Amino acid sequence: IVQSLVFLLLATLFSAVTGLPWSLYNTFVIEEKHGFNQQTLGFFFKDAIKKFVVTQCILLPVTSLLLYIIKIGGDYFFIYAWLFTLVVSLVLVTIYADYIAPLFDKFIPLPEGELKQQIETMAKSIDFPLTKVYVVEGSKRSSHSNAYFYGFFKNKRIVLFDTLLEDYSALNKEPAEGEDGENEETKSKAKNKKQGCKNEEVLAVLGHELGHWKLGHTVKNIIISQMNSFLCFFLFAVLIGQKELFAAFGFYDTQPTLIGLMIIFQFIFSPYNEVLSFCLTVLSRRFEFQADAFAKELGKAKDLYSALIKLNKDNLGFPVSDWIFSMWHYSHPPLLERLQALKNTKQE
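Residues numbered from 1 in each chain as written. Predicted model: local features only at pLDDT ≥ 70, side-chain atom pairs only at ≥ 80, totals over all residues. Heavy atoms only, no water.

### Side note on the pattern of salt bridges
For step 1, the next point in the chain: Under the counting rule described, the total for this entry stands at six salt bridges.
For step 2, the next point in the chain: For Glu337, the salt bridge is made with Arg285, and the minimal N-O distance between the two is 3.8 Å. In this pair, Glu337 sits in helix α13 (residues 335-347) while Arg285 sits in helix α10 (residues 270-297), placing the two residues 52 residues apart along the sequence.
For step 3, the next point in the chain: A relative accessible area of 34% means that Glu337 is categorised as partly exposed.
For step 4, the next point in the chain: A relative accessible area of 11% places Arg285 in the buried class.
For step 5, the next point in the chain: Salt-bridge contacts for Arg338 lead to Asp292; the nearest nitrogen and oxygen are separated by 2.9 Å. Residue Arg338 is found in helix α13, and its partner Asp292 is found in helix α10; the two are separated by 46 residues along the sequence.
For step 6, the next point in the chain: According to the relative accessible area criterion, Arg338 is buried, its value standing at 9%. (Salt bridge = Lys/Arg side-chain N within 4 Å of Asp/Glu carboxyl O. Helix = DSSP H or I, 4+ residues; strand = E, 2+ residues; numbered from the N terminus. Buried < 20%, exposed > 50% of the residue type's maximum accessible area, 1.4 Å probe, protein only.)

Quick look at the structure:
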C-alpha cells in the first residue's frame, strides 16, 4: 500500500507539472484573449498548489483504504469496495461546498432584498427545502457565470456566481476615478461589457436548476453512477486474476492491485466508457429540455429565453453546432434548440 501511494503521488505530481504549460496557455492566452481571465500569475500558482495539496489529502487516504479493503475483502471484496466508494462520494458531495470550495472562493450570504425574497418564494412554491442562498466571488478567477444547488434532505442551499448577477458583476461596476494602477484597457472592458442577468432572468435560471431537483434528475444521476460503479468493481473482480493483463504491461512476477485498477479501468473499460459517456450525454440533454420545460410551467419561459441568450453571449458560446458533433460531445443542447423549445410559450 505504501509503495502504491508513493507511485500515485509521483504520478499525479508528474501529471500536474507536465500539464502546467497547457493550463497556463489556456488561462493567460486563450481565456485572456477573449476577456475571461481575471487571475494574476501569483493567484494562479497559489490556486494550483492549493488544489494539488487538497487533492492529495483526499486521494491518498481514500486510495489506501480502498486498497486495504480489496486486500482483506476476500471473494466479495468488490461489494465492500463499492460500498466504501459510495460512502466516500456522498461524504464529499456533502462537505464540498461547506469545507472545500471556500478554500478557493469566498462565499457570502445573499443580502436581504427583493431577489432573495423572490428566490425564497419560488423555492417554497415547489416545496424546495431552501435554507441559505450564497453568492460566490467567481469573478476573481474568471468571468464565466454559473449557479447551482447542493445539500441532502431538508438542508438545501443555492449558490449564485456574482458574474451571473447584473448587480454584483465586477465588470458592470464603474471604475473609481483616480484609482491607482488602473489602465485604459481595464476602463474599456468595464465600460463596454455588460454582464449578468436581471432579477427576473436569474429566477428563470434558478427555475431551471430547481427543475432538476423537482424532476429527480440529481437522484437519477446518483443511481446511474452507483450502478455503473458496482458493475465496474464486479468486472474488476472477474478480471484481476488474469495474469496476461499484467504481463502485457511488463508485470510478469507481481500483480499490484493499483496497477490492476489502472489497467482495467483505464484501458480495458475504454470502449465501454465511450459508449456510457455517449448515453449519459443523451440523457443529460433530455434532462436539460425537461428542466427548461419545468421553468416554463413556472411562468419563466420569456425570462429564461432572454437569460439563455445573455449567458451564451457572456460566455461567448457559439450558437450554431453540427448536430452529430453536438450529439456526441455536448451535455447541454445547443442554444438554438433550447430557444426553439421555449419559443412557442414565449410568444404566448
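### As for the UniProt feature "active site" (unreviewed entry) in the chain
For step 1, the next point in the chain: The UniProt record annotates "active site" (unreviewed entry) at Glu209 and Asp292. For the residues just named, distributed over 84 residues, the greatest C-alpha separation is only 8.7 Å, placing them together at one site.
For step 2, the next point in the chain: Residue position: Glu209 is located in helix α6 (residues 199-214).
For step 3, the next point in the chain: The residues touching Glu209, leaving out its near neighbours within four places in the chain, are Ala147 and Phe149. (UniProt positions renumbered as here; feature names shortened; annotations may be inferred. Contact = heavy atoms within 4.5 Å.)

### Points about the nonpolar core
For step 1, the next point in the chain: In terms of nonpolar packing, the biggest core is built from 24 residues, with Leu115, Ile119, Phe128, Ile158, Leu160, Val202 and Leu206 touching the most fellow members.
For step 2, the next point in the chain: Put simply, the parts of the chain that give this core at least two residues each are α4 (114-125), β2 (130-136), β3 (147-150), β4 (156-161), α6 and α11 (301-314).
For step 3, the next point in the chain: Each of two domains, domain 2 (107-172) and domain 3 (217-347), supplies a minimum of three residues to this core. (Core = buried A, V, L, I, M, F, W, Y, C linked by side-chain atoms within 4.5 Å. Domains from an automatic or database assignment.)

### Some thoughts on a nonpolar patch on the surface
For step 1, the next point in the chain: Taken together, the side chains of Val2, Val6, Leu10, Leu13 and Val17 make up a nonpolar region of the molecular surface, amounting to roughly 460 Å² of accessible area.
For step 2, the next point in the chain: Looking at the element boundaries, Leu10 is found in helix α1 (residues 2-33). (Patch = residues over 30% accessible without salt bridge, like charges linked within 9 Å, V, L, I, M, F, W, Y side chains within 5 Å. Areas by Shrake-Rupley, 256 points an atom, 1.4 Å probe, with all protein chains shown as cover.)

### Regarding the environment of Tyr150
For step 1, the next point in the chain: For Tyr150, the location among the structural elements is in strand β3.
For step 2, the next point in the chain: Setting aside its immediate chain neighbours within four residues, Tyr150 contacts Ala97, Asp98, Tyr134, Asn155, Lys156, Arg157 and Val159.

### A closer look at the sheet that holds β2
For step 1, the next point in the chain: Strand order in the open sheet formed by four strands is β1-β2-β4-β3, and the pairing between neighbours is mixed. If you trace the sheet from one side to the other, it starts and ends with β1 (107-109) and β3, each paired once. If you compare each strand with its neighbour and ignore which way they point, the axes differ by 30 degrees on average.
For step 2, the next point in the chain: Pairing of β1 with β2 involves three bridges; the strand directions are antiparallel. Paired with Ile108 across the strands is Val135, a residue of β2.
For step 3, the next point in the chain: The sheet contacts of α4 involve β2 and β4, and relative to β2 the element is tilted by about 140 degrees. (Pairing = 2+ DSSP bridges. Axes fitted to C-alpha atoms, helices over the stretch in contact; angles between N-to-C directions.)

### Let's talk about the packing of helix α7 (residues 217-239) against α10
For step 1, the next point in the chain: At a minimum axis distance of 11 Å, the contact between α7 and α10 shows a crossing angle of 170 degrees. Considered as vectors, α7 and α10 are oriented roughly antiparallel to each other. Packed against α7, whose contacting residues are His217, Lys220, Asn221, Ile224, Asn228, Leu231 and Cys232, the element α10 presents Tyr272, Leu276, Leu280, Leu283, Phe287, Gln290 and Ala291 at the interface.
For step 2, the next point in the chain: The class makeup of the residues in the contact of α7 with α10 is nine nonpolar, four polar and one charged. (Parallel < 35°, antiparallel > 145°, perpendicular 65-115°, else oblique. Nonpolar A, V, L, I, M, F, W, Y, C, P; charged D, E, K, R; others polar.)

### Observations regarding the packing of aromatic side chains
For step 1, the next point in the chain: Per the counting criterion, the structure on display carries 19 aromatic pairs.
For step 2, the next point in the chain: Ring plane angle 80 degrees and centroid distance 5.3 Å describe the contact between Trp82 and Phe230, whose orientation is recorded as edge-to-face. With Trp82 in helix α3 (residues 77-100) and Phe230 in helix α7, this pair connects stretches of sequence that are 148 residues apart.
For step 3, the next point in the chain: Aromatic pair Phe236 and Phe265: ring centres 6.1 Å apart, planes at 45 degrees, arrangement tilted. Of the two residues, Phe236 is situated in helix α7 and Phe265 in helix α9 (residues 257-268); the sequence distance between them amounts to 29 residues.
For step 4, the next point in the chain: Accessibility expressed as a relative area gives 0% for Phe236, which makes it buried.
For step 5, the next point in the chain: Using a relative accessible area of 28% as the deciding quantity, one classes Phe265 as partly exposed.
For step 6, the next point in the chain: Site record: aromatic cluster; members linked through ring pairs are Tyr76, Phe77, Phe78, Trp82, Phe230, Phe233, Phe234, Phe236, Phe265, Phe269 and Tyr272. (Phe/Tyr/Trp six-rings, centres within 6.5 Å; stacked < 30°, edge-to-face > 60°.)

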